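# Report on the structure
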Amino acid sequence: MDPAQVGNQRRLLASEQAGKGAIASKFNDFKLKADAEAAKAVIAVVKQRESDGYQYEGADASLELLMRRHLGSHKPLFSLLTYHVDVERRGELEPSEASVKLQVGNQIVFTVAEGNGPVNALDAALRKALLTSFPGLKGVELVDYKVRVLAGKRGTEAKVRVLIESRDAKGATWSTVGVHENIIEASWEALMDAVEYRLLKHGRR
C-alpha cells in the first residue's frame, strides 16, 4: 500500500542493520548525489558509528551532517577552540556557568553564560557566541533532551548517548545525537550538530 494514500510517507531508517537501499534513500531525502563507491563508504561509516553507540534512526539531522562531511559538501561556519563548565554548590546548588571560545570566520569569539545546569549553560553560551554573526539562530530552542547509558555494566564509566530535539520559531524540528563517556561532551556534540544543521539549512538569515 502506498503510504501517500493515507497522507503519510515512507521513511527508511539508517542503522547498523541498514542496507544499501536504506542509505541510498537518505541520499535522495537529503538531496545528495554520490556514486556507488561513495554510497558504500557512507554505509561503512554509519555502521561503524552505530557500533560505537550512535543511533541515527531518530537523529536525521546528525546523519545528514555526517554524510555531507564525508562527501566534502559541508564546511562548518564556526569551530570550537575551548569550552569550560562550572557546577558549584555552596549550601544550595548555584546556577551553572559555561564559557565558550569559538573561531567564527577570522574572528575569535569568547562568551560566558549561566544556566539551569551545565548543558543549559553550554547551550546559552554557544548561542550567545553565534547570534551576532548568525541572527537566524534567534528563536531556536532545545525542546527535548534524552540520555541513555550504553553498556550499563560499566556504571558511571559507561558511554552515554544524548539525543536532542530542537525547534525554530516557525515550529520546524530536527534531532541530533552525541556519544561519549563524558555526558557533557556527548551533549556538546549534539548541541553543535543542532546549530550546524540550522545554519546549513538557513545560513546567516
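Keep in mind that what you see is a predicted model, and the values were worked out from it rather than measured.

## Focus: the sheet that holds strand 6 (residues 141-149)
Taking strand neighbours across the sheet as the criterion, the three strands line up as 6-7-8 in an open arrangement whose pairing is antiparallel. Because the sheet does not close on itself, it has two edges, and the strands there are strand 6 and strand 8 (173-180). The mean inter-strand angle of the sheet, taken between neighbouring strand axes irrespective of direction, is 20°. Examined bridge by bridge, strand 7 (residues 160-167) and strand 8 share eight bridges and lie antiparallel to one another. Directly across from leucine 163, in strand 8, lies its bridge partner valine 177.

## As for the side chain of glutamate 196
Here glutamate 196 is to be found in helix 5 (residues 183-202). Side-chain polar atoms of glutamate 196 contact the side chain of histidine 74, separated by 2.8 Å. Non-local contacts of glutamate 196, meaning those with residues more than four positions away in its chain, are made with Leu65, Arg69, His74, Pro76 and Phe78.

## Structural notes on the sheet that holds strand 1 (residues 78-86)
Within the open sheet, the three strands sit side by side as 1-4-5. Their pairing is antiparallel. Each edge of the open sheet is held by one strand with a lone partner, namely strand 1 and strand 5 (107-115). The sheet shows a mean angle of 15° between the axes of neighbouring strands, direction not considered. Bridge count between strand 1 and strand 4 (residues 96-104): eight bridges; the pairing is antiparallel. Among the inter-strand pairings, phenylalanine 78 is bridged to a residue of strand 4, identified as valine 104. Across the sheet, helix 4 (residues 118-130) is in contact with strand 1, strand 4 and strand 5; its angle to strand 4 comes to roughly 35°. On top of the sheet, helix 5 reaches strand 1 and strand 4; it is set at about 140° to strand 1, its chief contact.

## Some remarks on a negative patch on the surface
Residues Asp86, Glu92, Glu94, Glu97 and Glu114 make up a contiguous surface patch of negative charge. One can find aspartate 86 in strand 1. Judged by relative accessible area, which is 37%, aspartate 86 ranks as partly exposed.

## Points about the packing of helix 4 against helix 5
Remark: helix 4 packs on helix 5, axes separated minimally by 10 Å, with the N-to-C direction vectors making an angle of 35°. The handedness of the crossing between helix 4 and helix 5 is right-handed. Contacts between helix 4 and helix 5 involve Pro118, Val119, Leu122, Asp123, Leu126 and Leu130 from the former and Ile184, Ser187, Trp188, Leu191 and Val195 from the latter. Partitioned by chemical class, the residues of the contact of helix 4 with helix 5 number nine nonpolar, one polar and one charged.

## Description of the pattern of salt bridges
Within this structure, the stated rule accounts for nine salt bridges. A salt bridge links glutamate 196 to arginine 69; the shortest N-O distance between them is 3.3 Å. In this pair, glutamate 196 sits in helix 5 while arginine 69 sits in helix 3 (residues 60-71), placing the two residues 127 residues apart along the sequence. Across the pair aspartate 168 and arginine 198 runs a salt bridge, and its minimum N-O distance is 2.8 Å. Highlighted residues: aspartate 168 in the loop between strand 7 and strand 8 and arginine 198 in helix 5, separated in sequence by 30 residues. Overlapping salt bridges, with partners in common, bring together Glu64, Arg68 and Lys201 in one network.

## A word on the pairing of strand 4
When strand 4 meets strand 5, the two strands line up antiparallel, connected through nine bridges. Pairing of serine 99 across the sheet is with valine 112, part of strand 5. Counting the residues that bridge the hairpin from strand 4 to strand 5 gives two residues, and of these glycine 105 lies at a positive phi of roughly 65°.

## With respect to the packing of aromatic side chains
By the definition in use, this model includes three aromatic pairs. An angle of 40° between the planes, with centres 5.1 Å apart, marks the rings of tyrosine 83 and tryptophan 188 as tilted. Note that tyrosine 83 is positioned in strand 1 and tryptophan 188 in helix 5, a separation of 105 residues in sequence. Residue class for tryptophan 188 comes out buried when judged on its relative accessible area of 3%. Positioned above the aromatic ring of tyrosine 54 is the side chain of arginine 49, whose terminal nitrogen or guanidinium carbon lies 3.9 Å from the ring centre.

What counts, and where the lines are drawn
- Each chain carries its own residue numbering, running from 1 in the direction its sequence is written.
- Local features in a predicted model are, by the rule used here, given only for residues with pLDDT of at least 70; side-chain atom pairs are given and counted only at 80 or more, and totals for whole chains, interfaces and linings are based on all residues.
- Side-chain numbers come from the whole structure's heavy atoms, not from hydrogens or water.
- Strand pairing is assigned whenever DSSP detects at least two bridges linking the two strands.
- What counts as a helix is a DSSP run of H or I of at least four residues, what counts as a strand is a run of E of at least two, and both are numbered from the N terminus.
- Orientation is described by axes fitted as lines to C-alpha atoms, over the contacting stretch for helices, and by angles from 0 to 180 degrees between their N-to-C directions.
- Within 3.5 Å is the distance limit for a polar contact, defined as a pair of N or O atoms, with the added protein rule that one can donate a hydrogen and the other accept it, and that residues adjacent in sequence qualify only through two side-chain atoms.
- Note on contacts: a residue pair is in contact if any heavy atoms of the two residues lie within 4.5 Å.
- Residues form patches when they are more than 30% accessible in relative terms and have no salt bridge. Like charges link within 9 Å. Nonpolar side chains (Val, Leu, Ile, Met, Phe, Trp, Tyr) link within 5 Å.
- Every accessible area reported is derived by Shrake-Rupley at a probe size of 1.4 Å, with residue values counting cover from the shown protein chains alone.
- The rule for a salt bridge is simple: a side-chain nitrogen of Lys or Arg has to be within 4 Å of a carboxyl oxygen of Asp or Glu.
- Residues scored as positive are Lys and Arg, those scored as negative are Asp and Glu, and His as well as the terminal groups of each chain are ignored.
- We put the charge of a Lys on NZ, of an Arg on CZ, of an Asp on CG and of a Glu on CD.
- Accessible area is worked out with a 1.4 Å probe on protein chains only. A residue is then buried under 20% of its type maximum, exposed over 50%, and partly exposed in between.
- Here is the rule for handedness: rotate from the far helix to the near one, and if that takes an anticlockwise turn smaller than a right angle the crossing is left-handed, while a clockwise turn gives right-handed.
- In this classification, the charged set is Asp, Glu, Lys and Arg, the nonpolar set is Ala, Val, Leu, Ile, Met, Phe, Trp, Tyr, Cys and Pro, and all remaining amino acids, among them Gly, are polar.
- Geometry of aromatic contacts follows a simple scheme: Phe, Tyr and Trp rings, the Trp one being its six-membered ring, pair when their centres are within 6.5 Å, and the pair is stacked under 30 degrees between planes, edge-to-face over 60, tilted otherwise.
- Only Lys NZ and Arg CZ are tested; either one counts as a charge over a ring when it is within 6 Å of the ring centre and within 35 degrees of the ring normal.

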